[in-house]
Amino acid sequence: MSETLPSLTANGQKLIDRLLTLPQGWVTAAMLAESIGVSRRTVLRELPSVEQWIAAAGYRFVRSPGQGLLLDEPPARREQMRALLNGSTVYAELPRRQRRQKLLGMLLQAREPMKTAALARELLVSESTLAADLDEIGQWVSSYAVTLHRRPGVGVWLKGEKLSCRRAAAALLQSSLTEEELQAVLRGNFAAGGAFAALLNTKIAERVWQVLQQFEQKEKLRLPDAGFLTLAIHCTLTVQQLREQGGSSAAVHPPENAAQRLGAALGQAFGLTLPTEEVQYLEQYLAAYITGDDGEKWGAGEMHLRHLTERLISEVERAMRVDFSGYASLRDNLFTHLRPMLLRVREQIHMDNPQLDTIQREYPQLWAATRAACDTVEMELALPHIPDSEAAYLAMHFGAVLEQNGALRQAARVVVACPLGMGSSRFLASRIEGEFPTLKVDGCCSVRELDPEQLHSRGIDLVIATVPLELAYPSITVNPALLEPDRALLRDAVQRLNGTVRTGTPAEPSAASAAEGGLRYTYRLTRSMVQMLDHLCIRTVCKPVSRQGLIDAASRLFCPNEDASRLVAQQLRRREAMGDTYIKPLFALLLHCRTKAVSDCRFGYLQAQPPVYEAGKMIMGALVLLAPDTGDPIPVEVMRMVSAQLIEEPELIERLRTGQRDAAVQLLEEKLDRLFSEHGN
């Protein structure tokens, strides 16, 4: 008979066992709760399933308002009931977070409304608990433009655009992964019964992994582990959905950019064509990791990011009462981190930060300063809310600098690997260098980049990772915050390495640094800087009326020839069509392009008198940056330096705005000279 009885949770079984043990008589829910060590609310939640089990077993259970609960059976039948209870199936109730993740997964997979009673039975909860879970899920999916619908007699279901549902499913998958599952899927291993197998076709996922890895190689791109994972999940869900709809191959135009090339590769691998909106999403996603043409390296997008970087540093400096001006690497690292971070924030792509609690607990002042800085820039720059998990990664960048205590000579060479981003890796690396002078951190990388042969050729003695590794190479696993147990592990590792450290040759300099050295490069960079400074121009534009008037004036600023100015005007308008060029902190347009109309770098400022007013914008002028379209990287590097100084040195824009041409040239020359000296060193 027990085979036909409903299943019970562990708490449900305890309640029935307690009812069997107590003398026959009325008992309250509060008394039962105290006797088994749970809350009264838990008892009330379990009672429907308890009552259902007792009734199915053929026994009498009475609930009476004002009196309580009564198991109305004599001692002999109670013993029979206990025997049934001991042989019944008992399921451990899932923790709330896991239960809601499972429920959301079921709803995302469902093709028709699901009955609430069936969902409650599946999850071993009461319908009131299920209702609370659905309320929470409804609020969560709404951030992805997906709505939860409930209708009595029909059931519950999710509704939203296909792309929105895929984004929600991808976020669910990533938030459901344990560290062990994360390590496995980053290597393309998908365990049956895991979080991935529940929502993803593992064969499609494996093929997508291969396509993305080939795409990285062809594009000479290396996505961080978290970025690769997000993209892979999205592409897998996309392919699944298109296949379910019967998507077929079709003729397409030759791909022109990385997103179109990736879309074409996926289409070829699965015999289908990605819709235009999917390719546009890929383009938006990859833009966070790939700078498009050289113009974007010194365009409006970069200046916005640099302004955000400077504001974050300024706020943390003020709160911590420290000076970060001597740490150029902090600006570069933050700048690199912010682009994909903003994509995640805007697209509601959740990325857990397992070090959040540690940062908040072990570094309260740093955490408070970083969180406050994020809140400030959100309001100032109208950014979406930066969640605590992302703010903690920013705190790690600042923490890495604060932990530095100078370059140290170390004997053993180690590599730090972390799948959650370079912020975690650098934070851990700085702690290691600060506390273990006999270890030399020889770089940070993602888990997927670890290759035993390359590690050996570089003379690496040990890999220090933040997740367990399946790697045929000496490695240990530690917490990025480097807690005491981790220090003990490292001390043991240092002792083992003593006397066994290799004396191999140092790692060779990178090709990029080798290419950047040399007298000819120095000459060409200096010449381009001097040419730009000598031709710096400030001009007043009377009654420009609109930004189009400023674009027309910009096209003639350095090109008196009509054909040349027409070409520049076309290229500036094309750039304008790609995205807004208004730089809010400068109250100016950034009009920039590469063009065959100039032979070297040109930089100027147009004073709008009166200013041009648009919705929410006051345009006081326009910055004009033109670089020769010759394929030479030198002019692009010069313009990148100039655009950075416009954000990092507020006095420069003030001198341009007030028409102080010579003063602006002098200030910019001083700043570029300093940057060039650092570059040369």
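Residues numbered from 1 in each chain as written. Predicted model: local features only at pLDDT ≥ 70, side-chain atom pairs only at ≥ 80, totals over all residues. Heavy atoms only, no water.

S.K.: Tell me about a negative patch on the surface, and name the residues and values.
M.R.: Among the surface-exposed residues, Asp534, Glu669, Glu670 and Asp673 lie close enough to one another that they form a single negatively charged patch. Ranked by the residues each element gives to the negative patch, the list is headed by helix H29 (residues 661–680), at three residues. Look at Glu669 and you get partly exposed, because its relative accessible area is 45%. (Patch = residues over 30% accessible without salt bridge, like charges linked within 9 Å, V, L, I, M, F, W, Y side chains within 5 Å. Areas by Shrake-Rupley, 256 points an atom, 1.4 Å probe, with all protein chains shown as cover. Salt bridge = Lys/Arg side-chain N within 4 Å of Asp/Glu carboxyl O. Lys, Arg positive; Asp, Glu negative; His and termini not counted. Charge placed at Lys NZ, Arg CZ, Asp CG, Glu CD. Helix = DSSP H or I, 4+ residues; strand = E, 2+ residues; numbered from the N terminus. Buried < 20%, exposed > 50% of the residue type's maximum accessible area, 1.4 Å probe, protein only.)

S.K.: So, the sheet that holds strand E8 (residues 439–445): which residues are in play, and what are the values?
M.R.: By definition, the strands of a sheet pair up through backbone hydrogen bonds, in either a parallel or an antiparallel sense. One open sheet holds the four strands; their spatial order is E8-E7-E9-E10, and the pairing between them is parallel. Across the chains shown, the open sheet's two edge strands, defined by having one partner strand only, are E8 and strand E10 (475–477). For this sheet, the mean inter-axis angle between neighbouring strands, taken without regard to orientation, is 25 degrees. Bridge count between strand E7 (residues 412–417) and E8: five bridges; the pairing is parallel. Across the sheet, the residue bridging to Ala417 is Cys445, located in E8. Here helix H22 (residues 484–497) sits on the sheet in contact with E7, E8, strand E9 (462–465) and E10, set at roughly 170 degrees to E10. (Pairing = 2+ DSSP bridges. Axes fitted to C-alpha atoms, helices over the stretch in contact; angles between N-to-C directions. Contact = heavy atoms within 4.5 Å.)

S.K.: Lay out the environment of Glu51 in plain terms, naming residues and giving numbers.
M.R.: Within the fold, Glu51 resides in helix H3 (residues 40–57). On the basis of relative accessible area, Glu51 is assigned to the partly exposed category, the value being 29%. In the structure, Glu51 is positioned 20 residues away from Leu71 in sequence and 10.0 Å away in space, judged by C-alpha atoms. Not counting residues within four places of it along the chain, the set of residues in contact with Glu51 comprises Phe61 and Arg63.

S.K.: Residues and numbers for the pairing of E9, please.
M.R.: Side chains of E9 alternate between two faces, with Leu462 and Ile464 and Val463 and Ala465 buried alike. Across four bridges, E7 lies against E9 in parallel orientation. Following the sheet pairing, Val414 is matched in E9 by Leu462. Of the pairings in the sheet, the one linking E9 to E10 comprises three bridges and is parallel in character. Bridge pairing in E10 links Ala465 to Thr477.

S.K.: Which residues make up the pattern of salt bridges, and what values go with them?
M.R.: One pass over the full model with this rule turns up 34 salt bridges. When the shortest N-O distance is used, the salt bridge between Glu51 and Arg63 registers 3.3 Å. Here Glu51, found in helix H3, pairs with Arg63, found in strand E2 (residues 61–64); they are 12 residues apart in sequence, far enough to count as distant. Here Glu310 and Arg331 are joined by a salt bridge, their closest N and O atoms 2.8 Å apart. In this pair, Glu310 sits in helix H15 (residues 300–320) while Arg331 sits in helix H16 (residues 328–346), placing the two residues 21 residues apart along the sequence. Side by side, Glu310 and Arg331 carry an identical accessibility label, which is buried. Salt bridges sharing partners connect three or more residues here, namely Arg99, Arg100, Asp133 and Glu136.

S.K.: Can you explain the confidence of the model for the chain? Please cite residues and give values.
M.R.: Averaged over the chain, the pLDDT score is 81; the fraction of residues at 70 or greater is 86%. Low confidence marks residues 405–410, where pLDDT is under 50. Its contacts with residues over four positions away, or in another chain, come to 12 contacts. Every residue in residues 501–516 is under pLDDT 50, and counting partners more than four places away or in other chains gives 13 contacts. (pLDDT = per-residue confidence, 0-100.)

S.K.: Tell me what's going on with the sheet that holds strand E12 (residues 582–583), and back it up with residues and numbers.
M.R.: Overall, mixed pairing links the five strands, which are arranged E11-E14-E15-E13-E12 in an open sheet. The sheet is open, and its two edges are formed by strand E11 (537–542) and E12, each paired on a single side. Each of E11, strand E14 (602–614) and strand E15 (617–628) is contacted by helix H28 (residues 650–657), which is oriented at about 75 degrees to E14, the strand it contacts most.

S.K.: Can you explain the packing of aromatic side chains? Please cite residues and give values.
M.R.: Note on aromatic pairs: each is described by the distance of the centres and the angle between the planes. All chains considered together, the criterion is met by three aromatic pairs. Each ring, one from Trp209 and one from Phe228, has its centre 5.8 Å from the other, and the planes form 80 degrees; the classification is edge-to-face. Of the two residues, Trp209 sits in helix H11 (residues 202–219) while Phe228 sits in helix H12 (residues 225–244), which places them 19 residues apart along the sequence. You can call Phe228 buried: its relative accessible area is 1%. (Phe/Tyr/Trp six-rings, centres within 6.5 Å; stacked < 30°, edge-to-face > 60°.)

S.K.: Which residues make up helix H5 (residues 96–109), and what values go with them?
M.R.: Helix length check: H5 (14 residues) gives 20 Å between terminal C-alpha atoms against 20 Å at 1.5 Å per residue, within 8%. Those residues of H5 lying buried are Arg99, Arg100, Gln101, Leu103, Leu104, Gly105, Met106, Leu107 and Leu108. (Expected span 1.5 Å × (residues − 1).)

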